[in-house]
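Here is what each chain is made of, one letter per residue.
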Amino acid sequence: MRYKYHYLNAEMPDTADVLAATPNPAAREMMEYLAEQGIETYLDRFAAQQPLCRFGLQGTCCRRCLWGPCRVTPRKRGVCGADVPLVVISNHVRMVAAGCAAHGQHARLRLEAILAVAEGRMPGELRGAERVWWLAERFGLPVEGRSLTQVAADVARYLLADLGRVEREPMRALLALAPPERVALWRELDVLPTSAFSEVFETLQRTSLGTDSDWRNVVLQELRVSLAFFWGCVVAASWASEMLYGPPRRQTVRVGFGTLGEGNTVKVAVHGHAPVLAEELMVATQREDLVQEARAAGAEGIDLYGICCTGQELLARYGIPTTSGILGQELVIGTGALDALVVDQQCVIPGVSQVAACFGTAVITTSNSARLEGATHIPLDLERIEEVAEAVLREAIAAYSRRQERPRHVPTATQTAQVGWDDRSILDAFGGRAEMLRLIREGEIKGIATLVSCNTPKVPYEQSNVALARELLRRNVLVTTTGCASHALLNAGLADPSAADLAGERLARACRQAGVPPVLPVGACVDNTRTMFLFLKLAEEAGLDLPQMPFFYVGAEPGNEKALGMGMAFFAHGISVLAGYPVPVPVPLPVHVEGGDIDDYVRPRNEIADFFGDEARQVIGAKIYVEPYPDLAAGTIDMEFRRKRLALGWV
Ligand code: XCC
């Protein structure tokens, strides 16, 4: 690849590399088409930014006060005296705190929606009764003689309290649901979080100028905020969605750019993370008056499509086709097929506005905290949600009428996939907890890796996610997936049962017998909750602690601060993490010496790196690996699985 980063043991692609290596032919076609049209995309901006800043890539640029910015090295501290480990971990924990805030805000919106429905302020009903009763029981809330909506409101308030508590007491959902072995460890380390809001607040003050200057103490805050991230935000958001809209539904769907080319309909893409308005849009697309308006404009009806995590939510429940993750959003709009792009919050890049302007696509923002220049703003109001959905669709219909003569270029490729999985349906498909554990113990399934998180321009489009998944399958590793990694794997056909043909003999047999694909999409990023509960249930069945089990968290293409938080949360649970592209916790990698012989490598010393790479194993039971090359990454995961299986006497 064109851009070499010797000090990271990594390379990055230019546009020609991306076109040559992406496993997504439809994306390649769109990249070429937009380049011909002279329309700028992320590829052009990524090239213009090369070479990326060495200090930024290593996490050693400190901008947390106004004395700098300081670029620290082992020989040169910051003006305040901060050394490399302190700067790296302080920068990192701030990113995790930002991720916590991001997932926390969309958890909050969903919990507020539950209260609004329960109190009759928002239309609709709660479709996830089973989750409501289960949580009430686990949280010890009174249920005798109380209605579903009363209990659901109590559950929502309980989770909202974990989001925002300021009293110095531990988060209650974590105490109620996390494994006792982990709770005891976190208590011993004194990292039990108070709430998401409090830990984000504490993280920011602690990393301000001249506050916590003991990097090991900052690591403890990192664990604390990661636990708040998971139990206060991720879990709350996933279960709030289930309480509102019901569990995911196992179903066969079609996905990919090609779905955009079908039918003469008003085409609306939903994009972002909080599916509250998108759910209402689902209802509104069927409303007779709006369908009539679409027909009067010359269309046959109104169709929805999904991008990013809001897309994954609608895919898992209703089979609404998804088109792309974060990196392909400009390409989707560049097809010219969309009449409107409706965004809620997060992962909506500013670049979409320019592409949308070229094709007359209406961009509609709906969150007051996530606006785009040039967009029409129709803010979500829970109490008027039907009117808001109606107004959004009217904008889309108007755009359809205006856009009749606009150019369209829609690739034809689509893929089929089985989606809508969760911990329960996966266990059921494999014959229940005991039977699935037997398959793991006997090596039919060597281990389970969850392949999650974003896309990054630092690798050819979707290539690391897809190549790593294929290599894991070949090594008999079962894969669950969420978020933008899931978009990549769905687009590559790996969530279709026929992908068992790519798996090792033993995994292929297990999947065929169970009738499941070897890659199981479990939803949006907050639905990593489902993978965590799959891991917890299997560990419980085995009578083992999480760190003993052959489970892995893999972020092949980390891009967002939320992805760092998710990795740290799984790490805190004793599940090893592999970051597929050098993230700014530089764990020890052998680095080739520039200009040296082919085998001339050094292992850079860095206390933080040593901690996450080795020392943490003693304390947490897990470690963090960084490996940008997918085949080597798969080998690393396989190595850890083999060692764990040997230790357990599992062949
Ligand atoms: Fe965003 Fe969730 Fe990352 Fe994709 S995977 S880039 S966070 S949309 Ni969640």
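Residue numbers run consecutively from 1 along every chain, following the written order of its sequence. Under the rules for a predicted model, residues below a pLDDT of 70 receive no local features and side-chain atom pairs below 80 are neither given nor counted, while totals for whole chains, interfaces and linings still include all residues. The side-chain figures draw on all heavy atoms in the structure; neither hydrogens nor water molecules are used.

Undergrad: I'm lost on the nonpolar core in this one. Help?
TA: Throughout, nonpolar core names a set of buried Ala, Val, Leu, Ile, Met, Phe, Trp, Tyr and Cys residues whose side chains join them through atoms within 4.5 Å. Note on exposure labels: buried denotes an accessible area under 20% of the residue type's maximum, exposed denotes more than 50%, and partly exposed covers the range between, all computed with a 1.4 Å probe on protein chains only. Counting residues in hydrophobic clusters, the biggest one holds 184 residues, and the most contacted among them are Trp186 and Phe430. At 20 residues, the largest contribution of residues to this core is made by helix H11 (residues 215-245). Pairs of residues are marked as contacts when any of their non-hydrogen atoms sit within 4.5 Å. What tryptophan 186 contacts, discounting residues up to four positions off in sequence, is Leu174, Ala178, Val191, Leu192, Leu227, Trp231, Ala572 and His573. Ranked by size, the runner-up nonpolar core spans 36 residues in total, among them Ala26, Ile39, Cys308 and Ala375. Strands are runs of DSSP state E lasting at least 2 residues, helices are runs of H or I lasting at least 4, and numbering of each runs from the N terminus.

Undergrad: Would you mind showing me how to read the domain arrangement of the protein here?
TA: Note on interface size: it is often stated as the accessible area lost on association of the parts. Residue ranges assigned to each domain were obtained from an automatic or database domain assignment. Here the protein is partitioned into domain 1 (13-71), domain 2 (84-245), domain 3 (251-402) and domain 4 (421-648). Summarising the inter-unit geometry, the C-alpha centres of domain 1 and domain 2 are found 34 Å apart. Taken residue by residue, the interface counts eight residues in domain 1 and nine residues in domain 2. Accessible-area loss on putting two parts together, using a 1.4 Å probe and summing over both, is the definition of buried area adopted here. Around 690 Å² of area is buried between domain 1 and domain 2 when both sides are counted, 61% of it from carbon and sulfur atoms. Of all residues in domain 1, Gly59, Thr60 and Arg64 give up the largest surface area on contact with domain 2, accounting jointly for 68% of the area buried on that side. Only one rule defines a salt bridge in this text: a Lys or Arg side-chain nitrogen within 4 Å of an Asp or Glu carboxyl oxygen. Joining domain 1 to domain 2, the criterion identifies zero salt bridges. Any N or O atom pair separated by 3.5 Å or less is treated as a polar contact, with the protein-specific requirement of one donor-capable and one acceptor-capable atom, and with residues adjacent in sequence counted only for side-chain atom pairs. The interface formed by domain 1 and domain 2 includes three residue pairs in polar contact (both at pLDDT 80 or more). Under the scheme applied here, ten amino acids are nonpolar (Ala, Val, Leu, Ile, Met, Phe, Trp, Tyr, Cys and Pro), four are charged (Asp, Glu, Lys and Arg), and all others, including Gly, are polar. Classifying every residue of the side of domain 1 that touches domain 2 gives four nonpolar, three polar and one charged.

Undergrad: Hey, could you run me through the coordination of the nickel atom of the ligand in this one?
TA: Six octahedral donors around a metal ideally make angles of 90 or 180 degrees; four tetrahedral donors ideally make 109.5 degrees. Only one protein atom coordinates the nickel atom of the ligand: Cys525 (SG), located 2.0 Å from the metal. Relative to the helices and strands, cysteine 525 is located in the loop between strand S15 (519-523) and helix H23 (528-542). Metal-coordinating donors are taken as N, O and S atoms lying within 2.8 Å of the metal, or within 3.2 Å when the metal is Na, K or Ca; because water is left out, some sites can appear incomplete.

Undergrad: Could you clarify how one ought to interpret a nonpolar patch on the surface in this entry?
TA: A residue counts toward a patch only above 30% relative accessible area and without a salt bridge, and it is joined to like-charged neighbours within 9 Å or, for Val, Leu, Ile, Met, Phe, Trp and Tyr, to nonpolar neighbours within 5 Å. In short, Shrake-Rupley with a 1.4 Å probe defines the accessible areas, and a residue's cover is counted only from the protein chains shown. Among the surface-exposed residues, Trp67, Val79 and Leu209 lie close enough to one another that they form a single nonpolar patch of about 330 Å² accessible area. Judged by relative accessible area, which is 53%, tryptophan 67 ranks as exposed.

Undergrad: Just checking my understanding: could you explain the sheet that holds strand S10 (residues 362-365) for this structure?
TA: Whenever strands of a sheet pair, they do so through backbone hydrogen bonds, lying parallel or antiparallel. At least two DSSP bridges between two strands are needed for those strands to be called paired. With respect to topology, six strands assemble into an open sheet ordered S8-S7-S6-S9-S10-S11, the strand pairing being parallel. Because the sheet does not close on itself, it has two edges, and the strands there are strand S8 (322-324) and strand S11 (376-377). When S10 meets S11, the two strands line up parallel, connected through two bridges. Following the sheet pairing, threonine 365 is matched in S11 by histidine 377. Against the sheet, helix H14 (residues 308-318) makes contact with strand S6 (266-272), strand S7 (302-307) and S8, and its axis sits at roughly 115 degrees relative to S6, the strand it touches most. Here, axes are lines fitted to C-alpha atoms. For helices the fit covers the stretch in contact, and angles between N-to-C directions go from 0 to 180 degrees.

Undergrad: It is not clear to me how the packing of helix H12 (residues 276-284) against H14 should be interpreted in this structure. Could you clarify?
TA: Geometrically, a packed helix pair is captured by the angle between its two axes and the distance between the axes. Where H12 contacts H14, the axes come no closer than 10 Å and their chain directions differ by 50 degrees. Judged on the interaxial angle alone, H14 and H12 are oblique. At the point where H12 passes H14, the crossing takes the right-handed sense. In this structure, H12 contributes Ala278, Glu279 and Met282 to the contact, and H14 contributes Thr310, Leu314, Arg317 and Tyr318. Taken together, the residues that form the contact of H12 with H14 break down as four nonpolar, one polar and two charged. Comment on the angle field: the value is read as roughly parallel under 35 degrees, roughly antiparallel over 145, roughly perpendicular from 65 to 115, and oblique elsewhere. Crossing handedness is read from the near helix: turned anticlockwise from the far helix by less than a right angle, it gives a left-handed crossing, and turned clockwise, a right-handed one.

Undergrad: In this structure, what is going on with helix H20 (residues 463-474)? I would like to understand it.
TA: Think of an α-helix as turning once every 3.6 residues; residues three or four places apart then point the same way. Compared with an ideal rise of 1.5 Å per residue, which puts twelve residues at 16 Å, H20 spans 16 Å between its outermost C-alpha atoms and is within 8% of the ideal. Listed in full, the buried residues belonging to H20 are Ser464, Asn465, Val466, Leu468, Ala469, Glu471, Leu472 and Leu473. Just beyond H20, the residue with positive phi is asparagine 476, at close to 65 degrees. Working rule for helices: expected span equals 1.5 Å times residues minus one.

Undergrad: When you look at the site of the ligand in this model, what are you seeing that I'm missing?
TA: With respect to spatial proximity, the complete set of residues near the ligand consists of His273, Cys308, Cys309, Ile326, Cys347, Ser453, Cys454, Cys484, Cys525, Asn560 and Lys562. Considering only residue class, the shell around the ligand consists of seven nonpolar, three polar and one charged. Neighbouring residues are identified by heavy atoms, a residue being near a molecule or strand if any of them is within 4 Å of it.

Undergrad: Explain unusual backbone geometry here, please?
TA: Negative phi values dominate among residues other than glycine, just as trans dominates among peptide bonds. Proline 51 follows glutamine 50 through a cis peptide bond whose omega is -5 degrees. For proline 51, the position within the fold is in the loop between helix H3 (42-48) and helix H4 (54-58). Omega for the bond connecting glycine 68 with proline 69 falls within 30 degrees of zero, at 5 degrees, which places this linkage in the cis form. By secondary structure assignment, the location of proline 69 is in the loop between strand S3 (61-62) and strand S4 (70-71). Phi at glutamine 346 is positive, roughly 80 degrees, even though this residue is not glycine. Inspection of the secondary structure assignment puts glutamine 346 in the loop between strand S9 (340-343) and helix H16 (351-359). On the basis of relative accessible area, glutamine 346 is assigned to the buried category, the value being 19%. Even without being a glycine, cysteine 347 presents a positive backbone phi close to 70 degrees. Of the residues examined, cysteine 347 reaches a relative accessible area of 16% and is grouped as buried.

Undergrad: Sorry, what's going on with the pattern of salt bridges here?
TA: A side chain of one charge can pair with a side chain of the opposite charge if their charged atoms are brought near each other. A complete count under the given rule lists 45 salt bridges for this structure. Glutamate 119 is the salt-bridge partner of arginine 121, the closest N and O atoms lying 2.8 Å from each other. Residue classification places glutamate 119 among the partly exposed residues on the basis of a relative accessible area of 42%. The shortest N-O distance in the salt bridge between aspartate 527 and arginine 530 comes to 3.4 Å. Side by side, aspartate 527 and arginine 530 carry an identical accessibility label, which is buried. Residues joined by salt bridges that share partners form a network here, namely Glu119, Arg121, Arg146, Asp154, Arg157 and Glu383.

Undergrad: Looking at this structure, how should I read the pairing of strand S5 (residues 251-255)?
TA: Each regular strand carries side chains that alternate between the two faces of the sheet. Only one face of S5 is buried, namely the one carrying Gln251, Val253 and Val255, since none of Thr252 and Arg254 on the opposite face is buried. Direction of pairing for S5 relative to strand S12 (residues 415-419): antiparallel, over a ladder of five bridges. Paired with glutamine 251 across the strands is valine 419, a residue of S12.

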